[in-house]
Amino acid sequence: MSLAHAVLTSLLEKASSGYELARRFDKSIGYFWHATHQQIYRELARMEASGWIESSSAPDAGKTRKREYRVLPAGRAELIRWAHAPSPPMDLRDEFMVKLRADATLSEVNLRPDIRRQIEHHQEKLAHYRTIEERDFLHGRVLTREARIQHMILKKGILYEELAIRWSQEMLDVLA
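Rules and cut-offs
Residues numbered from 1 in each chain as written. Predicted model: local features only at pLDDT ≥ 70, side-chain atom pairs only at ≥ 80, totals over all residues. Heavy atoms only, no water. Helix = DSSP H or I, 4+ residues; strand = E, 2+ residues; numbered from the N terminus. Rg over C-alpha atoms; globule rule 2.2 N^0.38 Å. Buried < 20%, exposed > 50% of the residue type's maximum accessible area, 1.4 Å probe, protein only. Contact = heavy atoms within 4.5 Å. Areas by Shrake-Rupley, 256 points an atom, 1.4 Å probe, with all protein chains shown as cover. Lys, Arg positive; Asp, Glu negative; His and termini not counted. Charge placed at Lys NZ, Arg CZ, Asp CG, Glu CD. Phe/Tyr/Trp six-rings, centres within 6.5 Å; stacked < 30°, edge-to-face > 60°. Expected span 1.5 Å × (residues − 1). Arc of directions from axis to C-beta. Axes fitted to C-alpha atoms, helices over the stretch in contact; angles between N-to-C directions. Parallel < 35°, antiparallel > 145°, perpendicular 65-115°, else oblique. Nonpolar A, V, L, I, M, F, W, Y, C, P; charged D, E, K, R; others polar. Salt bridge = Lys/Arg side-chain N within 4 Å of Asp/Glu carboxyl O.

A. Here's a closer look at the overall build of the protein chain. Summing up its helical and strand segments, the protein chain has 7 helices and 3 strands in all. In the protein chain, the succession of helices and strands from N to C terminus is α-β-α-α-β-β-α-α-α-α. By the compact-globule yardstick of 16 Å for 176 residues, the protein chain is too spread out, its C-alpha radius of gyration being 21 Å. The proportion of buried residues among the 176 residues of the protein chain is 31%. Here the contacts in the protein chain between residues at least 6 apart in sequence split such that 53% fall between residues at least 24 apart. If you sum the accessible surface of the protein chain, you get close to 12300 Å²; carbon and sulfur atoms cover 56% of it. Within the protein chain, the 25 negative side-chain charges are centred at a point lying 5 Å from the centre of the 28 positive side-chain charges.

B. Region of the structure containing the environment of V71. Of note, V71 is situated in strand β3 (residues 67-71). Here the alpha-carbon distance between V71 and L11, two residues 60 residues apart in the chain, equals 6.4 Å. Aside from chain neighbours lying at most four places away, what touches V71 is L8, L11, L12, W52, I53 and R76.

C. Just the packing of aromatic side chains, in detail. Applying the stated criterion across every chain, the model contains 1 aromatic pair. Note on Y31 and Y129: the rings are 5.4 Å apart at their centroids and 85 degrees apart in plane angle, and the pair reads as edge-to-face. Taken together, the residues span a long stretch of sequence, with Y31 in the loop between α2 (18-26) and α3 (37-49) and Y129 in helix α6 (residues 112-136) at a distance of 98 residues. Here Y31 falls in the partly exposed class, since its relative accessible area comes to 30%.

D. Fine view of helix α4 (residues 73-84). Helix length check: α4 (12 residues) gives 17 Å between terminal C-alpha atoms against 16 Å at 1.5 Å per residue, within 8%. When we look at burial in α4, the residues that qualify are G75, E78 and L79. Projection of α4 onto a plane perpendicular to its axis shows the buried side chains occupying an angular sector of 100 degrees, all on one side. Away from the buried face of α4 by more than 90 degrees, exposed residues P73 and H84 are located. Contact partners of the buried residues in α4: α1 (3-13) and β3.

E. Region of interest: the packing of α1 against α3. In contact at an axis separation of 10 Å, α1 and α3 are set at 85 degrees when each is read in the N-to-C sense. Comparing the axis directions of α1 and α3 gives the class roughly perpendicular. Mapping the contact onto sequence places L3, A4, V7, L8 and L11 in α1 and Q39, I40, E43, L44 and M47 in α3. Per-class residue counts for the contact of α1 with α3 are 8 nonpolar, 1 polar and 1 charged.

F. Region of interest: α3. Along its 13 residues, α3 runs 19 Å from first to last C-alpha, staying within 8% of the 18 Å computed at 1.5 Å per residue. Here α3 has its buried residues at I40, E43, L44 and M47. Along the axis of α3, the buried positions cluster into a sector of 110 degrees, meaning they face one direction only. When the buried face of α3 is taken as reference, the exposed residues oriented beyond 90 degrees from it are Q38 and A49. Of the surrounding secondary structure, the elements contacted by the buried residues of α3 are α1, α2, β2 (53-57) and β3. Just downstream of α3, G51 is the residue with a positive phi angle, here 80 degrees.

G. Representation of the pattern of salt bridges. Applying the stated criterion to the full structure yields 9 salt bridges. Here E54 ties to R70 by a salt bridge, and the two come within 3.3 Å at their closest N and O atoms. Here the residue E54 occupies a position in strand β2, and R70 occupies one in strand β3, the gap between them amounting to 16 residues. By relative accessible area, E54 is classed as partly exposed at 34%. Overall, the relative accessible area of 28% leaves R70 in the partly exposed class. Salt bridges sharing common partners tie together E54, E68 and R70.

Take a look at the structure:
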């Protein structure tokens, strides 16, 4: 996946300035596709040059250079083309797994503090995801198809964090 497709998706949800887009990105797509604000701005320029998006002076720009971006038909067509292409399986690259293999071989590496830090990190993310779920999805109201899809994406994050915590706690027992 390219950053362009994540940005196109976000802009289709809502036309935005680069700053607004980067902030929204951090609070949604950024949970599973990380990009710096600088990368997002560079991508906006490339996408505009490709004819996928256009920008205009934002209504609240005043004398600033603030631009508002929106998706053009060519960008929508590109997103549809990309969405129809098969996705490759997720490629797991985890430095910590290599460290565990080194520990298994060396028998003198103490990775328990690192695992405890990871558990804390996963617990914080899990709490954050559950707060979002409670705020946005768990009030008995009928959800639109879009909201149900977003909820399922969030549930995958919740399940991932729960599994990471459970696995890490088991690994602490193995290393004890």
